[in-house]
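These are the residues of each chain, in order.
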Amino acid sequence: MRPLALALVLSLTLPGAAQAARTETDPQIAALAERIRALEANAQTLQKQAAEALAAAQAAQSELQQMKSTRKDPVVVDRSDEAPATAMNASANAFNPAIALILNGLYVNHAKDPLDYRRAGFPLVGEGGPSADGLLLGESEISFAANIDDKFYGQLTLALESEDGETHAGIEEAYVETTALADGFTARAGRFYSNIGYLNSHHTHTDYFSDRPLAYQAFLGNQYGDDGVQLRWVAPTETYLEIGTEAFRGENAPAAGATHNGVGAKTFFAHAGGDVGSNNSWLAGASILHADARDGEDGFSGRSNLFLFDFTWKWAPHGAFKDSGIVLRSEAFIDDRKGVVIDPEDPQAPAQDWDGKRRGAYVEGLYRFSRSWDVGYRYDRLWAASSGPYASDHDPQRHSIAATWHNSEFSLLRLQLARDEPQAHFLDNVLTLQYQVSLGAHGAHKF
Amino acid sequence: MRKLLLWMIVLLGVFAAPVEAKLRVFACEPEWGSLLAELAADTIDVDVATNALQDVHVVEARPSLIAKMRKADLLVCSGAQLEIGWLPQLLRQAGNAKVTSGAGNFMAANQVTTLDKPASVDRAGGDVHPDGNPHVQLDPYRVLAIARALSARLAELDAANAAIYLQRLGDFESRWQAAIPRWEARAAPLKGKAVVVHHSAWVYLLQWLGMREIGSLEPKPGVPPTSAHLSSLIDVTKTGGAIAIICAAYQDSKPDEWLAGRTGVPALVLPFTVGGDEQAKDLFGLYDSTIDRLLGALK
């Protein structure tokens, strides 16, 4: 018995003794042992924490299950105390402006050479001429827009165009607009398209046809935009009423030469609109563009007043134009000028006095019969002056029909046929095939 | 002298009127118009911009809407980019700083968590909403959270009537809380049942009722149904045991009927929002009608 007891005692005490002996002899190992103990303790804590986390997760999961099964408590966050800001990514990119691209390509077949194109009584100004023949890249647009801060909104639209193998980049619009003026006022400064008429303030990619009406081409060089300022006001009335005024540098047609120390053009505009029942809406406007020109593209120097009247009627079942509807639109222009004309192609020719009126108008109708398809017809007419340097016996006119297929809001294909009679004995039948797409942010369109 | 005094009183009345003018609210969708009617009654004037037969994704920035926006003190919309095609334009044209941001700008989807938030955004995926599915009006719990937030907002903007808003919210809450279990009890047979949807506008309703969506007529959100895609749905609809093909009152139900004709599964038009059918006169009626119609498909 004794030896066994001894052995037991020895076996129990010896490791301790041995350890004690080693500890004394090797402090390094002691330190290591200490560290291992610390690590073990640490691991235990971690294990405990993990277990706790697991338990919490399980609890959460069971709670979620319970919520799912009973649905006594909504899975909602009441954020009524927070500011009503839209959720945003925390990255710096979240503040990047909205970027939109418009790409546009054409195949155009003219019966007559576009180089021979003359418009009787209306010299071609700005981009108001016919497009070239054949396969073409249309205007490509890049637009950046964002709220600048709590009081301002900014937009930049660049247009890229190739002409005769050269690429031109131009600033189409670059403006800053207020968002926080009181009582319905909005002010804008920079370069922008004037708010006169209907189509003028609309970018061409929202048009129903691949080109602008003749009146826009003849009187505004396709679209009137310039450097300037704008102030507009919306009345607090049941019927929509907006009035406004603009001052422009006066560099582009119908103005020219930035007269009056660079404030060469002024406008006034008023638009009114409303609904008739739930299927019909209308918008009407009257505007005036007063411009002074010095050596204009059409050889004109003097003052001009352009009066514009526009009217739009839209019918759509329940006001939902996306699937079906009809749009009727007309704009009338009266151009009243007083000054002198020097033939731009013959600068040596004597100046001729010019005091008179020319007019232009178009009527267009669009029938949208499904989400994907619409067809449109447009009649254009210009009335030339009967005497003076722009005199002509012929009044230019044009018929256009277009059929457009929309794959989505972001892409369309269009076939357009036009019968254009810009001068006597000159009939240009034009076939246009066009694609137009928009990439990226897609801003809301105006009515 | 007395006449002059009378005139002065009349004039005073005319000029004093705008001071006491009611809070004007612009509601983008009928469901929020109806909620405002529950929460405020005649202390506010509400303009509802759209009706149940309009697709709110594609409403136009009509002049009449600009005029209404111009006069609004508060804007109440679904948000989550549902109205992105027209609301920004209305705001920019109306020049009304009160509603462009801050307290006058109330977005319902911002008050609750949204479902279907996409991991990545690509137009090839159709009309996706980066902030999640905005059609939150068909989950009664979310509507309740929105009602609380909206009531607080009304009280903030119109402190004089704060007591009324509090009282009306209490009244609405008690009726709504009483209605939820009633709806859930009635809709119990719908649990686990499958449906084919026209547009992905029903996630909140289906989640609430424990139903399953097994297919969508639109190949991608916002992309109109194509014949190839519809054909591919015939099998899914039959084998998936769908009880109905559901679409909203504003949608063209022709593709739904085409699929119904080939599968024997009924096409079901649901009101989707207040005013979508006779019964959906208010939010309560909207839920009653929706559940009634779904139950009708079970028979």
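This section reports on the structure supplied with the text. (Residues numbered from 1 in each chain as written. Chains lettered and ligands numbered in written order. Predicted model: local features only at pLDDT ≥ 70, side-chain atom pairs only at ≥ 80, totals over all residues. Heavy atoms only, no water.)

This part is about the overall build of chain A. Of regular secondary structure, chain A possesses four helices and 17 strands. Per-residue burial over chain A gives 38% buried out of 447 residues. Within chain A, contacts between residues separated by at least 24 positions form 57% of all contacts whose residues are at least 6 apart in sequence. Accessible surface for chain A amounts to roughly 23700 Å². Of this, 59% is attributable to carbon and sulfur atoms. (Helix = DSSP H or I, 4+ residues; strand = E, 2+ residues; numbered from the N terminus. Buried < 20%, exposed > 50% of the residue type's maximum accessible area, 1.4 Å probe, protein only. Contact = heavy atoms within 4.5 Å. Areas by Shrake-Rupley, 256 points an atom, 1.4 Å probe, with all protein chains shown as cover.)

Residues and elements named next belong to chain B. In terms of residue burial, helix α4 (residues 87-94) counts as a mostly covered element, since six of its eight residues are buried. Considered for burial, the residues of α4 that qualify are L87, Q89, L90, L91, Q93 and A94. Backbone geometry just after α4 places G95 at a positive phi near 60°.

Here we come to the packing of helix α2 (residues 30-40) of chain B against helix α7 (residues 162-186) of chain B. Residue and element names in this part refer to chain B. Running from amino to carboxyl end, α2 crosses α7 at an angle of 115°, the nearest separation of the two axes being 7 Å. For the pair α2 and α7, the contacting residues are L35, A37, E38, L39 and A40 in the first and Y165, R168, L169, F172 and R175 in the second. For the contact of α2 with α7, the class distribution of residues is seven nonpolar, no polar and three charged. (Axes fitted to C-alpha atoms, helices over the stretch in contact; angles between N-to-C directions. Nonpolar A, V, L, I, M, F, W, Y, C, P; charged D, E, K, R; others polar.)

Let's shift gears to α2 of chain B. Residues and elements named next belong to chain B. Burial within α2 is extensive, with ten of its eleven residues counted as buried. All of the buried residues along α2 are P30, E31, W32, G33, S34, L35, L36, E38, L39 and A40. Each element contacted by the buried residues of α2 is listed here: β1 (23-27), β2 (44-48), β3 (74-77), α6 (140-157), α7 and α11 (283-298). Just downstream of α2, A41 is the residue with a positive phi angle, here 50°.

Within the element layout of this structure, Q155 of chain A appears in strand β4 (residues 152-163). Side-chain polar atoms of Q155 of chain A contact the side chain of Y153 of chain A, separated by 3.1 Å. Polar contacts involving the side chain of Q155 of chain A include one to the side chain of T157 of chain A, which spans 3.4 Å. Not counting chain neighbours up to four residues away, the residues in contact with Q155 of chain A comprise S143, F144, A145, E173, A174 and Y175 of chain A together with R92 of chain B. (Polar contact = N/O pair within 3.5 Å; in protein donor to acceptor, adjacent residues only side chain to side chain.)

What follows covers the side chain of Q93 of chain B. Summarising the element assignment, Q93 of chain B is placed in helix α4. Take Q93 of chain B: its relative accessible area is 8%, and that puts it in the buried class. Filtering out sequence-adjacent residues up to four positions away, Q93 of chain B remains in contact with R232, V234, Y240 and K446 of chain A together with I66 of chain B.

All right, on to a negative patch on the surface then. Residue and element names in this part refer to chain A. Together, E127, E163, D164 and E166 give the surface a local cluster of negative charge. Assignment of secondary structure puts E127 in the loop between β1 (98-110) and β2 (134-137). E127 gets classed as partly exposed once you look at its relative accessible area, which sits at 49%. (Patch = residues over 30% accessible without salt bridge, like charges linked within 9 Å, V, L, I, M, F, W, Y side chains within 5 Å. Salt bridge = Lys/Arg side-chain N within 4 Å of Asp/Glu carboxyl O. Lys, Arg positive; Asp, Glu negative; His and termini not counted. Charge placed at Lys NZ, Arg CZ, Asp CG, Glu CD.)

Residues and elements named next belong to chain A. For the bond running from A253 to P254, omega is 10°, close enough to zero to count as cis. Assignment of secondary structure puts P254 in the loop between β8 (240-248) and α4 (259-262). Backbone geometry places N222, a non-glycine residue, at a positive phi of 95°. With respect to the helices and strands, the residue N222 is situated in the loop between α3 (214-220) and β7 (225-234). Using a relative accessible area of 16% as the deciding quantity, one classes N222 as buried. Of note in the backbone geometry, H425 takes a positive phi value of approximately 55° without being a glycine. In this structure, H425 sits in the loop between β16 (411-423) and β17 (426-440).

This paragraph deals with the packing of aromatic side chains. Inspection of every chain in the model, using the stated rule, returns 21 aromatic pairs over all chains. Both rings, one in F219 of chain A and one in F333 of chain A, keep their centres 5.8 Å apart while their planes meet at 15°; by these two values the pair is stacked. With F219 of chain A in helix α3 and F333 of chain A in strand β12 (residues 325-341), the pair connects residues that are 114 residues apart, well separated along the chain. In this structure, F219 of chain A and F333 of chain A share a single accessibility class: buried. Among the aromatic side chains, those forming a connected cluster through ring pairs are F172, W176, W183, W208, F284 and Y287 of chain B. If you follow K112 of chain A out to its NZ or CZ, it ends over the ring of F426 of chain A, 5.0 Å from the centre. Over the ring of F209 of chain A we find R378 of chain A, and its NZ or CZ is 4.5 Å from the ring centre. (Phe/Tyr/Trp six-rings, centres within 6.5 Å; stacked < 30°, edge-to-face > 60°. Lys NZ or Arg CZ within 6 Å of the ring centre and 35° of its normal.)

So, about the nonpolar core. Ranked by internal contacts, the top residues of the largest apolar core, which has 63 residues, are L35, L154, W176, W183, W202, I246 and L294 of chain B. Residues from two domains meet in this core; each of domain 1 (20-182) and domain 2 (188-298) of chain B gives at least three. Setting aside residues up to four positions removed in sequence, W183 of chain B forms contacts with P140, W176, W208, F284, Y287, D288 and I291 of chain B. Counting residues in each nonpolar core, the second largest holds 51 residues, with Y153, Y175, F248 and L308 of chain A among its members. (Core = buried A, V, L, I, M, F, W, Y, C linked by side-chain atoms within 4.5 Å. Domains from an automatic or database assignment.)

This part is about the interface of chain A and chain B. Residue-level contacts link 57 residues of chain A with 46 residues of chain B. Between the two partners, chain A and chain B, sit six salt bridges. At the junction of chain A with chain B, the criterion picks out 13 residue pairs in polar contact (both at pLDDT 80 or more). For the side of chain A that touches chain B, the elements supplying multiple residues, two or more each, are α2 (27-70), β4, β5 (166-178), β6 (185-193), β7, β9 (265-276) and β10 (280-293) of chain A. Broken down by class, the residue content of the side of chain A that touches chain B amounts to 25 nonpolar, 18 polar and 14 charged.

By the bridge criterion, 16 bridges tie strand β11 (residues 300-315) of chain A to β12 of chain A in an arrangement that is antiparallel. Paired with F307 of chain A across the strands is I334 of chain A, a residue of β12 of chain A. (Pairing = 2+ DSSP bridges.)

This brings us to the sheet that holds β3 of chain B. Residue and element names in this part refer to chain B. Read across the sheet, four strands follow the order β2-β1-β3-β4 without closing on themselves; strand pairing throughout is parallel. Of all strands in the sheet, those bounded by a partner on one side alone are β2 and β4 (105-107). Across the sheet, the axes of successive neighbouring strands diverge by a mean angle of 20°, strand direction being ignored. Taken together, the three bridges between β1 and β3 define a ladder with parallel strand orientation. Paired with A27 across the bridge in β3 is V76. Against the sheet, α2 touches β1, β2 and β3, its axis set at about 170° to β2.

These results come straight from atomic positions and should not be treated as a statement about function.
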